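The chain contents come next:
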Amino acid sequence: MGFTDKQEALVKDSWEFMKQDDIPQLSLRFFSLILEIAPAAKNMFSFLKDSDELPQNNPKLKAHAVKVFKMTCESAIQLREKREVVVGETTLKYLGSIHLQKGVADPHFEVVKEALLRTVEEAMGKKWNDEMKEAWAEAYDQLAAAIKAEMHAEA
Ligand code: HEM
Ligand code: ISQ
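Chemist: How should the coordination of the iron atom of ligand 1 be read in this particular structure?
Modeler: For a metal bound by four donors in a tetrahedral arrangement, the ideal donor-metal-donor angle is 109.5 degrees, while six donors in an octahedral arrangement ideally sit at 90 or 180 degrees. Just one protein atom donates to the iron atom of ligand 1; it is His-99 (NE2), sitting 1.9 Å from the metal. In this structure, the iron atom of ligand 1 is surrounded by 6 donor atoms whose angles at the metal cover 88 to 180 degrees, and the resulting shape is octahedral. When you line up the elements, His-99 lands in helix 4 (residues 92-101).

This is the structure:
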């Protein structure tokens, strides 16, 4: 299924709405949910390995999580227009190689998807609905597929 104009608008609008919130806080929530769903994932992240430090106090984690969050939204728009995603310095090629290098496998993407959808759901509160969920799921799936394609191309 492709990404429709309507879905693009839904993702854009909800992203604008969430920006009024505390994005670093949402990003931490996003990451906490990933660890809640898959505790073992902790060891994959260089900024968490061997540390008992609460994620709350981890600036590196915040920066990463904000970036991931932002990419999902941007990619929804960018992938459709130019089949490429660039956010800041980060390209799809880079994302493919970093995830391959860290040992990320296809099933992990479902975990991150679930965590992302729950984060947006919580942030949107009463505004959240099925249509919005579909739009975010589609945006994420497209980005995930693009990253996986790079991973498989390199493997
Ligand atoms: C690194 C985004 C899926 C685990 C990164 C980075 C980005 C990113 C932007 C680089 C961070 C930076 O250098 O600033 C994404 C996006 C995903 C996705 C957009 C899905 C669409 C996943 C999945 C996993 C994962 C499914 C597995 C649990 C990691 C790890 C790193 C990383 C372990 C390296 C972190 C480090 O130690 O420096 N990801 N990611 N990512 N990602 Fe993902
Ligand atoms: C990297 N890849 C996927 C999800 C993430 C969440 C928080 C920090 C870094 C991440």
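Chemist: Explanation requested: the packing of aromatic side chains in the structure shown.
Modeler: Two numbers describe a pair of aromatic rings. These are the distance of the centres and the angle of the planes. For the coordinates displayed, the defined rule picks out 3 aromatic pairs. Aromatic pair Trp-15 and Phe-69: ring centres 5.6 Å apart, planes at 70 degrees, arrangement edge-to-face. Linking Trp-15 in helix 1 (residues 5-19) with Phe-69 in helix 3 (residues 59-82), this pair joins segments that are 54 residues apart in sequence. Note on Trp-15: relative accessible area 5%, which makes it buried. Residue Phe-69 is classed as buried on the basis of its relative accessible area, which comes to 0%. Pairing Phe-30 with Phe-69 gives two aromatic rings, centres 5.8 Å apart and planes at 40 degrees, and the pair type is tilted. Note that Phe-30 is positioned in helix 2 (residues 23-37) and Phe-69 in helix 3, a separation of 39 residues in sequence. The residues Phe-30 and Phe-69 share a single accessibility class, namely buried.

Chemist: What is the right way to look at the confidence of the model for the protein chain in this model?
Modeler: Detailed reading of predicted coordinates is not advised where the pLDDT is low. Per-residue pLDDT for the protein chain has a mean of 85; in total, 86% of the residues score no lower than 70. Here strand 1 (residues 86-87) is the element of the protein chain with the lowest mean pLDDT, 67, and helix 5 (residues 106-124) is the one with the highest, 94.

Chemist: Can you help me understand the nonpolar core in this one?
Modeler: By size, the foremost hydrophobic cluster in this structure holds 46 residues, and its most contacted members are Val-11, Met-18, Phe-69 and Trp-136. Of all the secondary-structure elements, those providing two or more residues to this core are helix 1, helix 2, helix 3, helix 4, helix 5 and helix 6 (130-154). Ignoring sequence-local partners within four residues, the contact set of Phe-69 consists of Trp-15, Met-18, Leu-26, Phe-30, Leu-116, Thr-119 and Val-120.

Chemist: How do you make sense of the site of ligand 1 when you look at a structure like this?
Modeler: Close to ligand 1 lie 19 residues; Ser-46, His-64, Lys-67, His-99 and Lys-102 are nearest. Measuring from an oxygen atom of ligand 1, one finds a side-chain N or O atom of Tyr-94 at 3.3 Å. One of the side-chain N or O atoms of His-99 is found 2.7 Å from a nitrogen atom in ligand 1. Those elements that place two or more of their residues in the shell around ligand 1 are helix 3, helix 4, helix 5 and helix 6. Here the element with the most residues in the shell around ligand 1 is helix 3; it accounts for 4 residues. Per-class residue counts for the shell around ligand 1 are 13 nonpolar, 4 polar and 2 charged.

Chemist: Would you take a moment to explain the site of ligand 2 for this structure?
Modeler: Neighbouring residues of ligand 2: Phe-30, Phe-31, Ile-34, Phe-45, Leu-61, His-64, Ala-65, Val-68 and His-99. Breaking the shell around ligand 2 down by element, the ones donating at least two residues are helix 2 and helix 3. Tallying contributions element by element places helix 3 first for the shell around ligand 2, with 4 residues. Of the residues in the shell around ligand 2, the class split is 7 nonpolar, 2 polar and no charged.

Chemist: Got a minute to help me understand the packing of helix 1 against helix 5 in this structure?
Modeler: Each pair of packed helices can be summarised by the angle the axes make with each other and by the distance between the axes. At a minimum axis distance of 10 Å, the contact between helix 1 and helix 5 shows a crossing angle of 65 degrees. Taken together, helix 1 and helix 5 sit at an angle that is classed as roughly perpendicular. As helix 1 packs across helix 5, the resulting crossing turns out to be left-handed. Two secondary-structure elements touch here, helix 1 through Ser-14, Phe-17 and Met-18 and helix 5 through Val-120, Ala-123 and Met-124.

What counts, and where the lines are drawn
- Residues numbered from 1 in each chain as written.
- Chains lettered and ligands numbered in written order.
- Predicted model: local features only at pLDDT ≥ 70, side-chain atom pairs only at ≥ 80, totals over all residues.
- Heavy atoms only, no water.
- Donors = N, O, S within 2.8 Å, 3.2 Å for Na, K, Ca; no water.
- Tetrahedral: all angles 85-135°; square planar, octahedral: opposite > 155°, others 65-115°.
- Helix = DSSP H or I, 4+ residues; strand = E, 2+ residues; numbered from the N terminus.
- Phe/Tyr/Trp six-rings, centres within 6.5 Å; stacked < 30°, edge-to-face > 60°.
- Buried < 20%, exposed > 50% of the residue type's maximum accessible area, 1.4 Å probe, protein only.
- pLDDT = per-residue confidence, 0-100.
- Core = buried A, V, L, I, M, F, W, Y, C linked by side-chain atoms within 4.5 Å.
- Contact = heavy atoms within 4.5 Å.
- Near = heavy atom within 4 Å.
- Polar contact = N/O pair within 3.5 Å; in protein donor to acceptor, adjacent residues only side chain to side chain.
- Nonpolar A, V, L, I, M, F, W, Y, C, P; charged D, E, K, R; others polar.
- Axes fitted to C-alpha atoms, helices over the stretch in contact; angles between N-to-C directions.
- Parallel < 35°, antiparallel > 145°, perpendicular 65-115°, else oblique.
- Left-handed = near helix turned anticlockwise from the far one by under 90°.

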